[in-house]
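Survey of secondary and tertiary structure
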Amino acid sequence: MTATYRVDLAGRPVVVVGGDGPALGHIAELLDAGASVTVVSETVVATVEDLADRGLIFWHRHSFTAADLDDAWLAVAATADPRINATIALEAEARRILTVSGDAVPTDDIATTGRVILVGGGPGDPGLLTLAGKEAIEKADVIVTDRLAPLAALRWARPDAEIIDVAKVPGGRSTTQDEINRLLVEHAKSGKTVVRFKGGDSFVFGRGGEELIACLDSGIPAHVVPGVTSAIAAPAAVNIPVTHRGVNQGFTVISGHVPPDDPESTLDYAALARSGTSLVLLMAVRTLPAIATALIDGGMDPGTPAAIVADGAMPSQQVVRATVGTIADAAREAGIKAPAVTVIGGVAAIEGLL
Ligand code: SAH
């Protein structure tokens, strides 16, 4: 991200090296800011010449030399030659003069290859999206979005941005992961900046790793903007800290999308029961009875505090507090539905926070 500072340039000498297309916008903006503008260039476009003729700028009609920077507060390196611009920047730096680069973005960056940004959207409240995530959404040409992403944030998208919904609705419509990967790669190949927008953090049960590999394997530049994971944010929304000094020394996040006795399950529930960490269960509403039983069978005290938070950090948020022995029934009676996070461990009942 580029930092933006407001600098008062009124009446201060600024040197713009270069006098045609790339320089024009800089000159206009500097004049608006009240700077005293000197253009250094052998040739200039008509508008610049006119400004000089009208006494609004100074025009030094020669090619750049270091002496042109004398007295300047700011240098704008806006020639058409990136090597000359680099030289200007070096000379300016040696004199502690700030430089603005007027280099055009290389056209192959915009025209031929786009890029993919995997943006973690947090648990559902747009306020919990990062600033980098917001900036990516604002700039995107294409946004490939999920159901659990904070969809209100799509209002920040450009009006002409293409928004593609690839939600995997449990038991409903869904787009295969191969198709999602293909969409990301194809749009980026056509030169677009593509945001892959999803809930929480893309790398926490978000298949972000697969998407990143698909892009990089196809030669598409891709990077990740981390998100606030619901594993931490949903408990936090009801004042449950996943770690607490004197209560535990860690937390373990697991997926309960398959029950403990399922051949696909790779988790050792007896080890989890003894781990001494808080357990944070995602995708575990349907499987909660079987998971609670496996933990108790593995040696966990049935009186261990537990809480389930549905729609965490959203207006429809709901929480049920119980113990690992009673949480499954309590959640069912309260009508808890996905998405929900369950926390098991002493942190779920810290006095003073409830
Ligand atoms: N990448 C996401 C998790 C995706 S798996 C993240 O980091 O948060 C989907 C599971 O996340 C849901 O089944 C649920 O367990 C959890 N989840 C996502 N958003 C949630 C929310 N707002 N409140 C509670 N749980 C949520």
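Just above sits the structure.
Below is a summary of the structure that appears in this document. (Residues numbered from 1 in each chain as written. Predicted model: local features only at pLDDT ≥ 70, side-chain atom pairs only at ≥ 80, totals over all residues. Heavy atoms only, no water.)

1. Some details on the nonpolar core
With 25 residues, the main nonpolar core has Leu-281, Leu-295, Ile-308 and Ile-344 as its most contacted residues. Those elements that place two or more of their residues in this core are helix H9 (269-273), strand E12 (278-282), helix H10 (288-297), strand E13 (305-310), helix H11 (327-333) and strand E15 (340-344). With 5 residues, H10 is the largest single contributor of residues to this core. Once residues within four sequence positions are removed from consideration, Ile-308 is found in contact with Leu-288, Gln-318, Val-319, Val-320, Ile-327, Ala-331, Ile-336, Ala-340, Val-341 and Thr-342. Formed by 18 residues, the second largest nonpolar core is a distinct cluster that contains Val-16, Val-37, Leu-51 and Leu-74. (Core = buried A, V, L, I, M, F, W, Y, C linked by side-chain atoms within 4.5 Å. Buried < 20%, exposed > 50% of the residue type's maximum accessible area, 1.4 Å probe, protein only. Helix = DSSP H or I, 4+ residues; strand = E, 2+ residues; numbered from the N terminus. Contact = heavy atoms within 4.5 Å.)

2. Topic: the side chain of Asp-201
Note on placement: Asp-201 falls in the loop between strand E9 (193-198) and helix H7 (208-217). Despite its burial, Asp-201 pairs with no opposite charge, the nearest such side chain being Lys-198 at 9.2 Å. Among the polar contacts made by the side chain of Asp-201, one reaches the main-chain amide nitrogen of Phe-203 at a distance of 2.8 Å. Here the side chain of Asp-201 touches Gly-227 through a polar contact of 3.0 Å, landing on its backbone nitrogen. (Lys, Arg positive; Asp, Glu negative; His and termini not counted. Salt bridge = Lys/Arg side-chain N within 4 Å of Asp/Glu carboxyl O. Polar contact = N/O pair within 3.5 Å; in protein donor to acceptor, adjacent residues only side chain to side chain.)

3. Remarks on the environment of Arg-158
In this structure, Arg-158 sits in the loop between strand E7 (142-145) and strand E8 (162-165). Judged by its relative accessible area of 27%, Arg-158 is partly exposed. Taking C-alpha positions, Arg-158 is 9.5 Å from Val-142, a pair spaced 16 residues apart along the chain. If near-sequence neighbours (up to four positions away) are discounted, Arg-158 is found in contact with Ile-137, Glu-138, Lys-139, Ala-140 and Asp-141. Only 3.3 Å separates the side chain of Arg-158 from the backbone oxygen of Ala-140, close enough to count as a polar contact. A distance of 3.0 Å separates polar atoms of two side chains, one belonging to Arg-158 and the other to Asp-160.

4. Brief notes about the sheet that holds strand E6 (residues 115-120)
Within the open sheet, the 5 strands sit side by side as E8-E7-E9-E6-E10. Their pairing is parallel. Pairing within the sheet leaves two strands with one partner each, and these edge strands are E8 and strand E10 (222-225). Going across the sheet, the axis of each strand differs from the next one's by a mean of 20°, ignoring polarity. Taken together, the 6 bridges between E6 and E9 define a ladder with parallel strand orientation. Opposite Arg-115, over in E9, you have Thr-193 as the bridge partner. Packing against the sheet, helix H6 (residues 177-189) makes contact with E6, E7, E8 and E9, and its axis sits at approximately 155° to E9. (Pairing = 2+ DSSP bridges. Axes fitted to C-alpha atoms, helices over the stretch in contact; angles between N-to-C directions.)

5. Quick word on the site of the ligand
The environment of the ligand is made up of 19 residues, and the closest members are Val-204, Thr-229, Ser-230, Gly-312 and Ala-340. Note that a nitrogen atom of the ligand is positioned 2.8 Å from one of the backbone N or O atoms of Pro-123. Ala-340 is positioned with one of its backbone polar atoms (N or O) 2.7 Å from an oxygen atom of the ligand. Compared with its free state, where it exposes 540 Å², the ligand has 92% of that area covered by protein. Residue assignment for the shell around the ligand shows that the elements contributing at least two residues are helix H8 (230-237) and E15. Broken down by class, the residue content of the shell around the ligand amounts to 12 nonpolar, 5 polar and 2 charged. Both domain 2 (115-228) and domain 3 (231-349) contribute no fewer than three residues apiece to the shell around the ligand. (Near = heavy atom within 4 Å. Areas by Shrake-Rupley, 256 points an atom, 1.4 Å probe, with all protein chains shown as cover. Nonpolar A, V, L, I, M, F, W, Y, C, P; charged D, E, K, R; others polar. Domains from an automatic or database assignment.)

6. Some thoughts on the sheet that holds strand E1 (residues 13-17)
Spatial ordering of the open sheet is given by E3-E2-E1-E4-E5, a layout of 5 strands whose pairing is parallel. Of all the strands in the sheet, just strand E3 (58-60) and strand E5 (98-101) have a single pairing partner and so form its edges. Strand-to-strand twist of the sheet, defined as the mean angle between neighbouring strand axes without regard to direction, takes the value 20°. Strands E1, strand E4 (74-77) and E5 of the sheet are contacted by helix H3 (residues 82-94), whose axis makes an angle of about 165° with E4.

7. Section: the layout of surface pockets
There is about 1,200 Å³ of room inside the largest pocket. In terms of lining, the largest pocket is formed by 41 residues, of which the most central are Arg-147, Leu-148, Phe-205, Met-283 and Pro-339. Every element with two or more residues in the lining of the largest pocket is listed here: E9, H8 and E15. Split into classes, the residues belonging to the lining of the largest pocket amount to 19 nonpolar, 12 polar and 10 charged. A domain split of the lining of the largest pocket shows at least three residues from each of domain 2 (115-228) and domain 3 (231-349). The space that makes up the second largest pocket amounts to roughly 660 Å³. Considering the residues around the second largest pocket, the lining is formed by 20 residues, among which Tyr-5, Val-7, Leu-9, Leu-74 and Val-100 are closest to the centre. Class assignment of the residues belonging to the lining of the second largest pocket gives a composition of 13 nonpolar, 4 polar and 3 charged. (1 Å grid on protein atoms, 1.4 Å probe; cavity = no way out; pocket = protein on both sides within 12 Å on 5 of 7 lines; lining within 4 Å. Points joined across faces, edges and corners; volume = space filled by probe spheres on them.)

8. A closer look at H10
Listed in full, the buried residues belonging to H10 are Leu-288, Ile-291, Ala-292, Ala-294 and Leu-295. Looking straight down H10, one finds that the buried residues subtend no more than 160° of arc, so they occupy a single side. Just downstream of H10, Gly-299 is the residue with a positive phi angle, here 110°. (Arc of directions from axis to C-beta.)

9. Focus: the pattern of salt bridges
Inspection of every chain in the model, using the stated rule, returns 13 salt bridges. Of the charged contacts, one joins Arg-182 and Glu-179 as a salt bridge, the two residues approaching to 3.1 Å between their closest N and O atoms. Of this pair, Arg-182 and Glu-179 both sit in helix H6, 3 residues apart, which is roughly one turn of that helix. Overall, the relative accessible area of 40% leaves Arg-182 in the partly exposed class. Asp-329 is paired through a salt bridge with Arg-332; the nearest N and O atoms lie 3.0 Å apart. Residue Asp-329 and its partner Arg-332 are located together in helix H11, separated by 3 residues, close to a single helical turn.

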